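Architecture and fold: a report
One-letter residues, chain by chain:
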Amino acid sequence: MSNPAPPEADRLVDSAVRRTAKRLIPFLLLMYVIAFLDRSNVGFAKEELEVSIGLSAAAYAFGAGLFFVGYAVFEVPSNLIMHKVGARWWMARIMVTWGLIATAFMFVQGETMFYVLRFLLGVAEAGFFPGVLLYLTYWFPESRRAFATGLFQMGLPLANIVGGPLSGGLLEMDGLAGLAGYQWLFMVEGLFAVVVGVVAVFVLTDRPEKARWMPAEEKAALADRLAADDAARGETGGHLGWGKALLNPRVLYFCLVCLCIQAAVYGLTFFLPTQVSAITGREVGFTVGLLTSIPWACALVTIAVVPRIVDRHRRHREVGAALLVLSGAGIAVSAVAGNAVLAIVALCVAAIGFVTCQPLFWTLPTRYLSGAALAAGFGLINGLGNLGGFIAPNIRVWAEETFDSTTAGLFVLGGIAVLGALLLLGTKLMSTAPQDETRPAAAAR
């Protein structure tokens, strides 16, 4: 016997979600690919910058991490502005300014200029990632949010799949038109962001009610479902003001979990090209770029499949923690692998873990916050969490120098990933935490 047809409201919501995914996700995905390319392409330029401007390993690690300081400082203000003025123009502004600054790296002359530009790049890009996460809450019900977030976060592995060969290939243009390879790298990838930022004004739509491309009955059904989700969040303290959300223990705890995840991501990402180069004995270029894309290709498959399955079973926390443990194990094994094949396999496991756990993690804050509080919360969680991108490269270099071992840093990063898994499991205690006493009585039953 065939299954009965779903209620009309459910059918309309499903149709609206599919329509929205087809309309918005591909462009948001493109934006994320470019964002990640422009923040992490210094990993490919590292060796050329060392030769051309005398950038030391410690200076590189410090400068690579400075991006996340500027990013953290301006995340919350940027997200609150986007919540007020809308995603369309604010996302365009973010992309154009970060693209111009990313392009300016082609003129870098020394350590000080490198530091300043990395900091400014973080300032310019601040609000993009949490802004998109907030934007998705305007369009996707909670029951479909991990699916939507997973599709968007496919940009991380895609950026590395495309970025590896692209960045390696641009480096091999060294000498063309009198420009060094790293100059071609920063110019092409930076200007691409500027172009896409201009196009964003014509592609993005702020809210469902402004979507001329969605039938009226679908808009109404989607609005009702989103309102029901918002009311449910009110039952768990979701009506906090944005200021109190910044001091809320739940939000601060999520910051710590996010920091552990991002430390694993960037501790590996910023050094992956040179690590693969050392494993294979090849210079950083097109071939190494192709090899670095393998772990990200594996992660792309899992992030496309796992969030959809976990949405059905509502086990975001547990599966996310298991994936982080997997990531920690992969990072550690890559440090001691006896041959290149085993090392690449271990890196694949690491990438699968820390990439696929992220859309599962980001569904958790939306269970407790809404409106301006969610905008501020997302900004703070992502901003402070991404300081892991500042801590990781520096702690990796510190561990290697302190223990006089090229593997010590990877063991530390693996341990941080496992710590993140334990903290993620600890979020389960939040479900029974006392509700916020400042919430209006009308919001409670």
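Residues numbered from 1 in each chain as written. Predicted model: local features only at pLDDT ≥ 70, side-chain atom pairs only at ≥ 80, totals over all residues. Heavy atoms only, no water.

**Some details on the environment of leucine 156**
- As for its position among the elements, leucine 156 is in helix α8 (residues 155-171).
- Residue leucine 156 is classed as buried on the basis of its relative accessible area, which comes to 2%. (Helix = DSSP H or I, 4+ residues; strand = E, 2+ residues; numbered from the N terminus. Buried < 20%, exposed > 50% of the residue type's maximum accessible area, 1.4 Å probe, protein only.)

**Observations concerning the domain arrangement of the chain**
- Segmenting the chain into domains produces domain 1 (8-236) and domain 2 (237-431).
- Its C-alpha centre places domain 1 at a distance of 18 Å from the equivalent point of domain 2.
- Contact with domain 1, which involves 55 residues of that partner, is made by 57 residues of domain 2.
- Interface area for domain 1 against domain 2, summed over the two sides, is near 4700 Å², with a carbon-plus-sulfur share of 71%.
- Linking domain 1 with domain 2 are one salt bridge.
- One salt bridge connects arginine 314 with glutamate 142, and the closest N-O pair in it is separated by 3.1 Å.
- There are six residue pairs in polar contact (both at pLDDT 80 or more) connecting domain 1 and domain 2.
- Among the secondary structure elements, those contributing two or more residues to the side of domain 1 that touches domain 2 are α1 (8-40), α2 (42-53), α3 (57-85), α6 (128-137), α7 (145-153), α8 and α10 (216-234).
- Per-element accounting of the side of domain 1 that touches domain 2 gives the leading share, 15 residues, to α3.
- Grouping the constituent residues of the side of domain 1 that touches domain 2 by class yields 27 nonpolar, 16 polar and 12 charged. (Domains from an automatic or database assignment. Contact = heavy atoms within 4.5 Å. Buried area = accessible area lost by both parts, 1.4 Å probe. Salt bridge = Lys/Arg side-chain N within 4 Å of Asp/Glu carboxyl O. Polar contact = N/O pair within 3.5 Å; in protein donor to acceptor, adjacent residues only side chain to side chain. Nonpolar A, V, L, I, M, F, W, Y, C, P; charged D, E, K, R; others polar.)

**As for the layout of surface pockets**
- A volume near 420 Å³ is recorded for the largest pocket.
- Gln275, Ala278, Arg396, Glu400 and Thr406 are the residues nearest the centre of the largest pocket, which is lined by 16 residues in total. (1 Å grid on protein atoms, 1.4 Å probe; cavity = no way out; pocket = protein on both sides within 12 Å on 5 of 7 lines; lining within 4 Å. Points joined across faces, edges and corners; volume = space filled by probe spheres on them.)

**Side note on empty space enclosed by the protein**
- Applying the stated criterion across every chain, the model contains four cavities of 30 Å³ or more.
- Taken as a whole, the largest cavity holds about 120 Å³ of empty space.
- In terms of lining residues, the largest cavity is bounded by 15 residues, among which Ser40, Phe44, Asn160, Thr269 and Pro273 are the most central.
- Looking at the lining of the largest cavity, the elements that each hand over two or more residues are α1, α2, α8, α13 (272-280) and α14 (286-313).
- A per-element tally of the lining of the largest cavity places α8 first, with five residues.
- A breakdown of the residues in the lining of the largest cavity according to their chemical character gives six nonpolar, nine polar and no charged.
- Both domains that furnish three or more residues to the lining of the largest cavity are identified here as domain 1 (8-236) and domain 2 (237-431).
- For the second largest cavity, the full set of lining residues is Tyr32, Phe36, Arg39, Tyr71, Phe129, Leu156, Gln262, Val265, Tyr266, Gln358, Asn382 and Asn386.
- At the level of elements, α1 and α12 (249-269) are the ones that each hand at least two residues to the lining of the second largest cavity.
- Grouping the constituent residues of the lining of the second largest cavity by class yields seven nonpolar, four polar and one charged.
- Taken together, domain 1 (8-236) and domain 2 (237-431) each give at least three residues to the lining of the second largest cavity, which thus spans both.

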